Amino acid sequence: MKKIVITIFISVTLLFLFQIATGYLISKDTKLKTTRITKSILDATVLIHGACESEWTIDPDYVEKVTGQKAYNLAEAYSNFAENYLALYLYLKHQKKPNYLILQVAPQELNRLIPDMLNSYRYANFVDDSVVYEILKKFDSHYAFYSNIPYLRFSYYNNFILQKNLWGLYLSLTNKSNNILENGFKAPTESDTLKDFSRLNLKIDKHEWDFEQEQYLRKIIEYCKKENIKIILYKLPVYQKHYNDNPFLKEYTFKINEIAKEYLIPYFTFDTSAITYNYHNYYAVNHFTRQGVTKFNKMLFNTINDSIFKK
């Protein structure tokens, strides 16, 4: 019996040590946005936020060039509004408060039948924060439960964590910094070009408004108002034929616009702009090529600069 108790004690102790070591190594990898926003000084006055469309489109360097405002792109691929809220919470907890939040709000993000999951592994280093834990528990209850067991907060999604763990070890041993995502923007590559035209003609027959994600959109807006951050909503325009073939996009855009009116905040859309008719601007229905990114940054921030920043 004594040997069993000693074995359990040693095992639990080792797991705790592995947890501490893994957390430390991950905290060295500033390519991870959750690490960068908690370990770096960003001093952004304009914060870009949203899902992959925003992360792969909005260039903070262009924002600074046009508006004179220092910007950071906080958006994360495949994230929903609950995760956007969580990332914003962590950002405001560790960084100077920005003057503006520019949030991507697209109709497809509020279609319950094509949701983005909460990427719990991104927050493995922050499970002990009560706000983080409550959202993890709500959207990934199994992960939240097992994260209370030593080391399982990291090993539960091991295929995502291991690579980051090893990269953190490399950075720690070589004393090198990682500035790959210094401003948070992931620009399209030369390979991000249209190879299959059917990717621009995707028909979505079923749709259902996601009231839960709507509540988190409202939480983000109310959080910004409470913190006296001016919030601006925008929508990346999808390829025109896709827009016309999916009537729910117009219906949902109208609903989002009503929410914006309720809170007296701007919502910029460009659904019928020239950019949407040229398929060379897209490599998927809602993702721009390099030339599309350049055109949309100019379109969006010239509009924001003229109608908001210069007033």
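A few words on the pattern of salt bridges. Under the definition given, this model contains 17 salt bridges. Across the pair lysine 203 and aspartate 205 runs a salt bridge, and its minimum N-O distance is 3.7 Å. A relative accessible area of 48% places lysine 203 in the partly exposed class. Notably, a salt bridge pairs arginine 218 with glutamate 214, separated by 2.9 Å at the nearest N-O pair. On the criterion of helical spacing, the pair formed by arginine 218 and glutamate 214 is a turn pair, its members being four residues apart in helix α10 (residues 211–226). Glutamate 214 shares its class with arginine 218; the two are buried. Linked through salt bridges whose partners overlap, the residues forming this network are Lys33, Glu55 and Lys186.

Next up on the list: the nonpolar core. In this structure, Tyr91, Leu101 and Ile231 are the most contacted members of the largest nonpolar core, which totals 57 residues. Broken down by secondary-structure element, the contributors of at least two residues to this core are α5 (81–94), β3 (100–104), α6 (130–139), α7 (141–146), α10, β4 (230–234) and α12 (248–263). A total of ten residues in this core trace back to one element, the largest contributor, which is α5. Look past the residues within four positions of tyrosine 91 in its chain and what remains in contact with it is Ile37, Leu42, Ala44, Leu47, Tyr72, Leu74, Lys96 and Pro98. Among the nonpolar cores identified, the runner-up in size contains 25 residues, and Ile48, Tyr234, Ile275 and Phe296 belong to it.

For any two helices packed against each other, the geometry comes down to the angle between their axes and how far apart the axes lie. Axis separation between helix α4 (residues 60–67) and helix α13 (residues 290–309) bottoms out at 10 Å; the angle between their running directions is 40°. Between α4 and α13, the angle is such that the two are oblique. Seen from above, α4 lies across α13 with right-handed handedness. Between α4 and α13, the residues in contact are Tyr62, Val63, Val66 and Thr67 and Asn297, Lys298, Phe301, Asn302, Asn305 and Phe309, respectively. Of the residues belonging to the contact of α4 with α13, the class tally is five nonpolar, four polar and one charged.

When the terminal C-alpha atoms of α12 are compared, their 23 Å separation across 16 residues agrees well with the 22 Å that a helix rising 1.5 Å per residue should span. Considered for burial, the residues of α12 that qualify are Phe248, Leu249, Tyr252, Thr253, Ile256, Ile259, Ala260 and Tyr263. All buried residues of α12 lie within an arc of 130° about the axis, which places them on one face of the element. The exposed residues of α12 that point more than 90 degrees off its buried face are Phe254 and Lys261. Considering only its buried residues, α12 is in contact with α10, β4, α11 (240–245) and β5 (267–268). At the C-terminal side of α12, leucine 264 shows a positive phi close to 60°.

With that settled, consider the sheet that holds β5. Strand pairs in the sheet, formed through backbone hydrogen bonds, run parallel or antiparallel to each other. The strand order across the open sheet formed by five strands is β2-β1-β3-β4-β5, and the pairing between neighbours is parallel. The two strands at the open ends of the sheet, each matched to only one other strand, are β2 (71–73) and β5. Examined bridge by bridge, β4 and β5 share two bridges and lie parallel to one another. Along β5, the bridge assignment pairs leucine 233 with tyrosine 267.

As enumerated under the stated definition, the model contains 21 aromatic pairs in all. Between tyrosine 72 and tyrosine 91, the ring centres sit 6.5 Å apart and the planes meet at 20°, which makes this aromatic pair stacked. With tyrosine 72 in strand β2 and tyrosine 91 in helix α5, this pair connects stretches of sequence that are 19 residues apart. Assessed through its relative accessible area of 2%, tyrosine 72 is described here as buried. You can call tyrosine 91 buried: its relative accessible area is 0%. When the centroid spacing of 6.1 Å and the interplanar angle of 25° are considered together, the rings of tyrosine 146 and tyrosine 156 count as stacked. You can see tyrosine 146 sitting in helix α7 and its partner tyrosine 156 sitting in the loop between α8 (152–155) and α9 (158–174), a full ten residues away along the chain.

Rules and cut-offs
Residues numbered from 1 in each chain as written. Predicted model: local features only at pLDDT ≥ 70, side-chain atom pairs only at ≥ 80, totals over all residues. Heavy atoms only, no water. Salt bridge = Lys/Arg side-chain N within 4 Å of Asp/Glu carboxyl O. Buried < 20%, exposed > 50% of the residue type's maximum accessible area, 1.4 Å probe, protein only. Helix = DSSP H or I, 4+ residues; strand = E, 2+ residues; numbered from the N terminus. Core = buried A, V, L, I, M, F, W, Y, C linked by side-chain atoms within 4.5 Å. Contact = heavy atoms within 4.5 Å. Axes fitted to C-alpha atoms, helices over the stretch in contact; angles between N-to-C directions. Parallel < 35°, antiparallel > 145°, perpendicular 65-115°, else oblique. Left-handed = near helix turned anticlockwise from the far one by under 90°. Nonpolar A, V, L, I, M, F, W, Y, C, P; charged D, E, K, R; others polar. Expected span 1.5 Å × (residues − 1). Arc of directions from axis to C-beta. Pairing = 2+ DSSP bridges. Phe/Tyr/Trp six-rings, centres within 6.5 Å; stacked < 30°, edge-to-face > 60°.

This is a description of form; function is not addressed.
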